Amino acid sequence: SSGINAEYGGHDDGYVRDKNMKVTVAFNHFGPNCNQRMPRVRHGYAHVANNLYQGWTQYAIGGSSNPSIKSECNYFIAPKSGKKEVTWRNGAVSIPWKFYSVKDVFENGASFVQTGIGMAKPNYNNQQRFQVEDAKLVKALTSSSGALQCYRTLKC
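Quick summary incoming for the structure in this document. Keep in mind that what you see is a predicted model, and the values were worked out from it rather than measured.

Points about the sheet that holds strand β3 (residues 29–30)
One key point about sheets: their strands pair by backbone hydrogen bonds, in either a parallel or an antiparallel sense. Within the open sheet, the four strands sit side by side as β3-β6-β9-β12. Their pairing is parallel. The open sheet is flanked by β3 and β12 (105–107), the only strands paired with a single partner. Sheet topology places strand β6 (residues 52–54) next to strand β9 (residues 75–77); three bridges connect them, and they run parallel. The residue bridging L52 from the neighbouring strand is Y75, located in β9.

Below is the structure:
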C-alpha cells in the first residue's frame, strides 16, 4: 500500500456490535508513504502478523473504543525523522487497552508501547489458525505483495 490511510476495522466508535469483530491483517507491505491506519481498529480484535512497515507519518497500528490488538512477527522500520512510535490510541486512558507485540522486529528507533500484555486473545478455531513466520522472513514474504493488476481482458 502506498496511500495516505490504509485499513479500517470497525464501523464507528458508537457501533458496539463490532466488539465481536475478528480481523487478521497479514503479509502486507506498507509504505514508504503511508500515513496511518495500517490498521486502525475500533472495538473487536485484530491480529496483525508478518507485515512490513517502511515508515509512517502519524502511526502504523492504532485503535479507539478499546480494541484488542496483537502484533506478531512484523518488521517495523521507523521513518528517518518524525514519529517513531508504532501505536496510537484514541480514547479514555482509564480503559484497559490491550495492545501487545510478540516477536516483532524494530529498526531505526521504532518502538511499540505495550498495554495488557498477553491479554488480546483471538479465540480462533482450528480452521481460522495459521502459522506465523519469523519476522526476519517478512521482507521475503511480502516481496510480491501489492495491488493486483486486473483488467477486463486479463484475469487476475
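After that view, the rundown keeps rolling.
Side note on the side chain of S71
Tracing the chain through its elements places S71 in strand β8 (residues 68–72). Residue S71 is classed as buried on the basis of its relative accessible area, which comes to 0%. Within the structure, the side chain of S71 is placed 2.9 Å from the side chain of N74, a separation counted as a polar contact. Those residues in contact with S71 that lie beyond four places of it in its chain are V48, I61, F76, Y100, S101, V102, D104 and F112.

Some points on the packing of aromatic side chains
Taken as a whole and judged by the stated rule, the model has six aromatic pairs. When the centroid spacing of 4.6 Å and the interplanar angle of 20° are considered together, the rings of Y53 and F76 count as stacked. Of this pair, Y53 sits in strand β6 while F76 sits in strand β9, and the two are 23 residues apart along the sequence. By relative accessible area, F76 is classed as buried at 0%. Plain terms: the ring middles of Y59 and W88 are 4.9 Å apart, the flat faces sit at 15° to each other, and that makes the pair stacked. Highlighted residues: Y59 in the loop between β6 and β7 (61–64) and W88 in strand β10 (residues 87–90), separated in sequence by 29 residues. On the basis of relative accessible area, W88 is assigned to the partly exposed category, the value being 29%. Taken together, the ring pairs connect F30, Y53, W56, F76 and F106 into an aromatic cluster.

As for the sheet that holds strand β2 (residues 22–26)
Spatially, the four strands line up as an open sheet ordered β2-β5-β8-β11, and their pairing is parallel. If you trace the sheet from one side to the other, it starts and ends with β2 and β11 (98–102), each paired once. Put simply, the sheet's adjacent strands are angled 10° from each other on average, direction ignored. Pairing geometry for β2 and strand β5 (residues 45–49), over five bridges, is parallel. Bridge pairing in β5 places V23 opposite A46.

Scoring rules and cut-offs
Residues numbered from 1 in each chain as written. Predicted model: local features only at pLDDT ≥ 70, side-chain atom pairs only at ≥ 80, totals over all residues. Heavy atoms only, no water. Pairing = 2+ DSSP bridges. Helix = DSSP H or I, 4+ residues; strand = E, 2+ residues; numbered from the N terminus. Buried < 20%, exposed > 50% of the residue type's maximum accessible area, 1.4 Å probe, protein only. Polar contact = N/O pair within 3.5 Å; in protein donor to acceptor, adjacent residues only side chain to side chain. Contact = heavy atoms within 4.5 Å. Phe/Tyr/Trp six-rings, centres within 6.5 Å; stacked < 30°, edge-to-face > 60°. Axes fitted to C-alpha atoms, helices over the stretch in contact; angles between N-to-C directions.

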